[in-house]
Amino acid sequence: MNTTAIIFLVLMIVMTGFTAGVLINELVSSRKQSEQKSEAAEPAPAETVATPETAATQYEAAPVVTVPTHEEKYAALNDETRGLYKEVASYAAAVEGARQKVNKSCEQYAIGSKKIVGLSIKNDVVICSFTLRNSNFFAQEGESKIMISTASITTKITDSECVSAAKNTIDMVVQSINDEKALKQQLANERRRQKKSQTENREVDAK
């Protein structure tokens, strides 16, 4: 084979390889464009917006629990139990300086900030709560503060004997409140006397 034939053969091989490479590149490019078009054509998943209507279908509404007020419980009492309640409440209301306070859970009578008795109703039963103070046990802090020992008492009012016991307890509570008040007044008077005596002594020393 002469030189010209060899050169021609080499050129043919080179041209054939170049053409194949171009075809391969075109095929790859065409495939990428086809994939991009198919992805663009697919619709995006729709977003679900929560609304009260859709939420109602997904979750059942929680049951609404209504708690009766103290007045509603009182209205539901039978005549006998209501009579026991009234007797205790009337006795507490007659205490000098007593004030009535009613909220959703109970009725309360107090002298100032000191509770005399609290009346509540549970399962159609009247319940009285008291706070007793004992002025015999106290600790003086500094010159003006007094800590009075207290005891909480709770009792059910189911008959006339319970009413009598509640009245006696009210008397004890009122007496303890008055004792505490008298004790504080006594200590205040003693502090004033001590202060006056100290002032007089300083005046004498100054002379």
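Source: prediction; values computed, not measured. (Residues numbered from 1 in each chain as written. Predicted model: local features only at pLDDT ≥ 70, side-chain atom pairs only at ≥ 80, totals over all residues. Heavy atoms only, no water.)

**Quick notes on the overall build of the protein chain**
From N to C terminus, the protein chain includes five helices and five strands. For the protein chain, the α and β elements follow one another from N to C terminus as α-α-α-α-β-β-β-β-β-α. Evaluated residue by residue, the protein chain yields a buried proportion of 21% over its 207 residues. In the protein chain, once contacts between residues fewer than 6 apart in sequence are set aside, the share between residues at least 24 apart is 50%. For the protein chain, the accessible surface area stands at approximately 16000 Å², while carbon and sulfur atoms represent 55% of it. (Helix = DSSP H or I, 4+ residues; strand = E, 2+ residues; numbered from the N terminus. Buried < 20%, exposed > 50% of the residue type's maximum accessible area, 1.4 Å probe, protein only. Contact = heavy atoms within 4.5 Å. Areas by Shrake-Rupley, 256 points an atom, 1.4 Å probe, with all protein chains shown as cover.)

**Looking at the side chain of Glu 107**
Structurally, Glu 107 can be placed in strand β2 (residues 107-111). With no salt bridge to any partner, buried Glu 107 finds its closest opposite charge in Lys 86, at an N-O distance of 11 Å. A polar atom in the side chain of Glu 107 sits 2.4 Å from the side chain of Tyr 85. Of note is the side chain of Glu 107, whose polar atom sits 2.6 Å from the side chain of Tyr 109. Apart from the residues within four sequence positions on either side, Glu 107 is in contact with His 70, Tyr 85, Ala 89, Gln 100, Lys 101, Val 102, Val 117, Gly 118 and Leu 119. (Lys, Arg positive; Asp, Glu negative; His and termini not counted. Salt bridge = Lys/Arg side-chain N within 4 Å of Asp/Glu carboxyl O. Polar contact = N/O pair within 3.5 Å; in protein donor to acceptor, adjacent residues only side chain to side chain.)

**Examining the side chain of Thr 131**
Among the secondary structure elements, Thr 131 is positioned in strand β4 (residues 125-141). Relative accessible area serves as the criterion here: at 18%, Thr 131 is assigned to the buried category. When near neighbours in sequence (up to four residues on either side) are disregarded, Thr 131 contacts Lys 115, Thr 150, Ala 151, Ser 152 and Val 173.

**Here we look at the pairing of strand β1 (residues 98-102)**
Direction of pairing for β1 relative to β2: antiparallel, over a ladder of five bridges. Within β2, the residue paired with Lys 101 across the bridge is Gln 108. Where β1 folds back on β2, the antiparallel hairpin that results is connected by four residues. (Pairing = 2+ DSSP bridges.)

**Let's talk about the environment of Val 67**
By the element assignment, Val 67 lies in the loop between α2 (52-58) and α3 (70-75). Owing to a relative accessible area of 63%, Val 67 belongs among the exposed residues under this scheme. In the structure, Val 67 is positioned 37 residues away from Lys 104 in sequence and 9.5 Å away in space, judged by C-alpha atoms.

**Focus: the nonpolar core**
Ranked by size, the top nonpolar core spans 24 residues in total, and within it Val 88, Val 117, Leu 119, Ile 157 and Ile 170 carry the most contacts. When contributions to this core are tallied by element, the ones reaching two or more residues are α4 (79-93), β3 (114-122), β4 and α5 (160-206). A total of seven residues in this core trace back to one element, the largest contributor, which is α5. Contacts of Val 88, omitting those with residues within four sequence positions, involve Leu 119, Cys 128, Ile 157, Val 163, Ala 166 and Ile 170. (Core = buried A, V, L, I, M, F, W, Y, C linked by side-chain atoms within 4.5 Å.)

**Some words on the confidence of the model for the protein chain**
Confidence along the protein chain averages 76 in pLDDT terms, with 59% of residues attaining 70 or more. Below pLDDT 50 for its whole length, residues 5-11 participates in one contact with residues either more than four positions away or in separate chains. Across residues 13-24, confidence stays below pLDDT 50; counting only partners more than four residues off in sequence or on other chains, it has zero contacts. (pLDDT = per-residue confidence, 0-100.)

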